[in-house]
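Listed below are the residues making up each chain.
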Amino acid sequence: MARKIGSRYTVHQVIGRGSAGTVWLGEGPDGPVAVKLLREDLAADQVLVGRFVQERAALTSLDHPRVVGVRDMVVDGSDLALVMELVQGTDLRSRLERDGALPPQLAASVIADVADGLAAAHAAGIVHRDVKPENVLLDLSAAPGPGGAPRAKLTDFGVARLVDAPRRTRATRIIGTPDYLAPEIIEGLEPRAAVDIYALATVLYELLAGFTPFGGGHTGAVLRRHVTEQVPPIPGLPDGLWRIIAECLAKAPASRLRAAELAARLREQLPALAGLPVLAVPQQGRAPAEEQLTPGEAVYAEVDAAPGTHKRRRGPAVPLVPGVAPDSTRDTHTSLRRPSAHELASYAAESRAQRTTPGAAHRRDRQALLRRRRVLAVLLAVVLLLAGAAAAWTAFAATAPDAGPGPRPSGASSAPRAP
Ligand SMILES: Nc1ncnc2c1ncn2[C@@H]1O[C@H](COP(=O)(O)OP(=O)(O)OP(=O)(O)O)[C@@H](O)[C@H]1O
């Protein structure tokens, strides 16, 4: 069903849904476009609408082949829409779900493209703040890059910033996607360009390993790992590529590569990565629902989400967007209380006590499982013992000279009765 958006655009059909709105295939004066219609509750927020208008110039002027161009921003009655370049292809999350993980050369090439897009944005003073596979589109209509890698484009620029207007997100709350959140955001610092580098290196790790380095389990545990844990190595990954990932996942933002450096360093690696197959990386064992929280994590993992929205969804990423009634069927809307300095310090202490090497969470899960098994074994032994005793007693009672036809009442004595 066709629908008018402002005076210049018509949308025909939904092509995707996200936490901030619905993406439609549309038509404008210059041809086909993708139109992201923001959710009604966002469109009704006057602070957000003001910000939307303010950001128009910055977002529409960001013009780079590795960025999905924002062509227009429409405020029309209750409609708030971003009109975008239409990308013929798929998003990186869908590709990852289809393939599990990608060969190293393809992964590095895709991430180098995204780093190019980020470099242009950062030079224009724009921080993305929500880099994740869902926001990387693979343009299948473009000629492929090295090793047949699809060309990638970063999308959703400014959306995190729009929905993070001051009235919407109090200083004590975090928005973002837990698996990709840089430690300084969790610690309450202003997000700068380095947060995008951290998130992009997390995506690269995920493309190679099939899972994110600090994801899995309760959101509070994920945030704690970002702040306190070292990144677990990826077995079999060539050193050059591993060093780039480790540098970009440094806890200190100033130690991370800049976007242009990251793109250049990745492209240097491409020839050495040619022909390498997808790595076989054993999945870290962090059971989402069963992971035991440390007392500190339990405190800082206070999630205020719409009912039923804190389930894990198809991928490892759960975007955090404040105050939402989901527009889609995806369970993506949560807002998180930012931990206090005291809580962070206590997580760090708990974490040091619990963590020795990467994979410690996996070992903790395993130890808990072994403990549960031991308790079950003891219970089983007691039950068997009792059953054996009961059987022996029944047999004895049946052969005893004064045995009646039925079982003897418990506690009955076999001592001679007084006459
Ligand atoms: N410019 C575009 N061209 C073609 N398809 C697009 C475009 N933008 C988005 N899509 C499609 O719409 C889907 C939803 O996009 P959207 O940006 O709303 O959500 P998201 O990034 O997946 O999630 P969230 O908003 O929760 O972070 C994408 O996964 C993609 O398949």
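Residues numbered from 1 in each chain as written. Predicted model: local features only at pLDDT ≥ 70, side-chain atom pairs only at ≥ 80, totals over all residues. Heavy atoms only, no water.

Undergrad: Describe the site of the ligand, and please don't skip the residues or the numbers.
TA: Not every one of the 23 residues close to the ligand is listed here, only the nearest: Ser19, Lys36, Glu85, Lys132 and Asn135. One of the side-chain N or O atoms of Lys132 is found 2.8 Å from an oxygen atom in the ligand. Considering the ligand on its own, with 610 Å² of exposed area, one finds that the protein chains cover 92% of that surface. Those elements giving two or more residues to the shell around the ligand turn out to be strand S2 (9-17) and strand S4 (31-38). It is S2 that provides the largest number of residues to the shell around the ligand, a total of 3 residues. A breakdown of the residues in the shell around the ligand according to their chemical character gives 10 nonpolar, 4 polar and 9 charged. (Near = heavy atom within 4 Å. Polar contact = N/O pair within 3.5 Å; in protein donor to acceptor, adjacent residues only side chain to side chain. Areas by Shrake-Rupley, 256 points an atom, 1.4 Å probe, with all protein chains shown as cover. Helix = DSSP H or I, 4+ residues; strand = E, 2+ residues; numbered from the N terminus. Nonpolar A, V, L, I, M, F, W, Y, C, P; charged D, E, K, R; others polar.)

Undergrad: Account for the confidence of the model for the protein chain, with residues named and values stated.
TA: Taken residue by residue, the protein chain gives an average pLDDT of 78. The fraction at 70 or more is 69%. With pLDDT under 50 throughout, residues 165-170 is counted as low confidence; its partners more than four residues away or in other chains account for 16 contacts. Confidence drops under pLDDT 50 across residues 403-419; counting only partners more than four residues distant or on other chains, this segment forms 9 contacts. Scored as a whole, the predicted complex attains pTM 0.74, and scored at its interfaces, ipTM 0.97. (pLDDT = per-residue confidence, 0-100. Contact = heavy atoms within 4.5 Å.)

Undergrad: Which residues make up the sheet that holds strand S6 (residues 79-84), and what values go with them?
TA: As summarised here, the arrangement of the 6 strands in space is S1-S2-S3-S4-S6-S5, forming an open sheet in which the pairing is antiparallel. Edge positions in the sheet fall to strand S1 (3-5) and strand S5 (70-76), since each has one partner strand and no second. Averaged over all pairs of adjacent strands, the angle between their axes in this sheet comes to 40°, without regard to strand direction. Sheet topology places strand S3 (residues 21-28) next to S4; 8 bridges connect them, and they run antiparallel. Each bridged residue has a counterpart across the sheet, and for Leu25 the counterpart in S4 is Ala34. This element, helix H2 (residues 46-61), spans S4, S5 and S6 of the sheet and lies at about 160° to S5. (Pairing = 2+ DSSP bridges. Axes fitted to C-alpha atoms, helices over the stretch in contact; angles between N-to-C directions.)

Undergrad: Give me the sheet that holds strand S8 (residues 136-139): which residues, what numbers.
TA: Strand order in the open sheet formed by 3 strands is S7-S8-S9, and the pairing between neighbours is antiparallel. Both outer strands of the open sheet, strand S7 (89-91) and strand S9 (151-154), are each paired with one neighbouring strand and no more. Averaged over all pairs of adjacent strands, the angle between their axes in this sheet comes to 30°, without regard to strand direction. With respect to the sheet, helix H3 (residues 92-99) is in contact with S7 and S8, its orientation differing from that of S7 by roughly 80°. Its contacts with the sheet put helix H4 (residues 104-123) on S8 and S9, and the angle it makes with S9 is roughly 35°.

Undergrad: Please set out H2 residue by residue, giving values where relevant.
TA: For H2, spanning 16 residues, the distance from its first C-alpha to its last is 24 Å, which sits close to the expected 22 Å at 1.5 Å a residue. The principal kink in H2, of about 45°, is found at Glu55. Regarding H2, the residues found buried are Leu48, Val49, Arg51, Phe52, Glu55 and Leu59. Capping the start of H2 is the job of one residue whose side-chain oxygen sits 2.9 Å from the backbone nitrogen of Val47: Asp45. (Expected span 1.5 Å × (residues − 1). Bend = angle between axes of the 7 residues up to and from the residue. Buried < 20%, exposed > 50% of the residue type's maximum accessible area, 1.4 Å probe, protein only.)

Undergrad: I'd love a proper account of the nonpolar core, names of residues and values included.
TA: In this structure, Phe157, Leu208, Ile234, Leu262 and Leu266 are the most contacted members of the largest nonpolar core, which totals 77 residues. The element contributing the most residues to this core is helix H7 (residues 193-209), with 12 residues. If you look at the next biggest cluster of nonpolar residues, it comprises 10 residues, including Tyr9, Val35, Val74 and Ala81. (Core = buried A, V, L, I, M, F, W, Y, C linked by side-chain atoms within 4.5 Å.)

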